[in-house]
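# Chain and residue survey
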Amino acid sequence: MPAPARLQLSVNGAVWDVAADADTPLLYVLRNDLGLNGPKFGCGLGECGACTVLLDDRPLRSCILPVAGAAGRQVTTLEGLASGGQLHPVQQAFIDEQAAQCGYCLNGMIMMAKALLDRNPAPSEAEIRQELKYNLCRCGTHIEILRAVALAAARMRGQE
Ligand code: FES
């Protein structure tokens, strides 16, 4: 059996040396080696969105990305969104709108919403729905989630 490769990963602004087989899913390394449990294991097939992270600011399903594919790029997880002791406005809006029931999908919802608002500060409800439609929530807090993204957008534009 070949020895694991040594890789450098840049995650949430810090550089980590990890030893892992190159085809290990990024999600496993984030959770098991780096202790970053924001991204969740849902389906493991790239279908549910629970494992979403940002790779160079673009959302991506970390359960189907080999860790070697993240080397030399910037990975941002849910844990990397807060800064200066303050939650990111999207995180705060999800709390304020009580957009969680079991909470399992929220990592993906928040990461997708963050990426959307970075490129479109004033999305319509249809655009928010479109962005989130492949992220699965089985509890049914969809309305609160939509409200949270709209609230975050308004706050980020200084309109609330
Ligand atoms: Fe990655 Fe479901 S766990 S998409």
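Preceding this section is the structure that the text describes.
In this report, we go over the structure that sits alongside the text. Bear in mind that the values here come from a model prediction, so they are computed numbers and not experimental data.

This next bit is on the overall build of the protein. In terms of regular secondary structure, the protein is built from five helices and five strands. Ordered by position from the N terminus, the helices and strands of the protein form the series β-β-α-β-β-β-α-α-α-α. Radius of gyration (C-alpha) of the protein: 16 Å, near the 15 Å computed for a compact globule of 160 residues. Expressed as lengths along the three principal axes of its C-alpha atoms, the size of the protein is roughly 55 × 30 × 25 Å. When each of the 160 residues of the protein is scored for burial, the buried share is 43%.

Pairing is mixed in the open sheet, where five strands are placed in the order β2-β1-β5-β3-β4. Two strands lie at the open edges of the sheet, namely β2 (14–20) and β4 (58–61), each paired on one side alone. For this sheet the average axis-to-axis angle between neighbouring strands, irrespective of direction, equals 40°. Relative to strand β5 (residues 74–76), strand β3 (residues 52–55) is paired through two bridges, and the arrangement is antiparallel. Looking at β5, one finds that L55 is bridged to V75.

Enumeration according to the criterion identifies five salt bridges in this entry. With a closest N to O distance of 2.6 Å, K114 and D118 form a salt bridge. Of this pair, K114 and D118 both sit in helix α3 (residues 106–119), four residues apart, roughly one helical turn.

Reading the values: rules and limits
- Residues numbered from 1 in each chain as written.
- Predicted model: local features only at pLDDT ≥ 70, side-chain atom pairs only at ≥ 80, totals over all residues.
- Heavy atoms only, no water.
- Helix = DSSP H or I, 4+ residues; strand = E, 2+ residues; numbered from the N terminus.
- Rg over C-alpha atoms; globule rule 2.2 N^0.38 Å.
- Buried < 20%, exposed > 50% of the residue type's maximum accessible area, 1.4 Å probe, protein only.
- Pairing = 2+ DSSP bridges.
- Axes fitted to C-alpha atoms, helices over the stretch in contact; angles between N-to-C directions.
- Salt bridge = Lys/Arg side-chain N within 4 Å of Asp/Glu carboxyl O.

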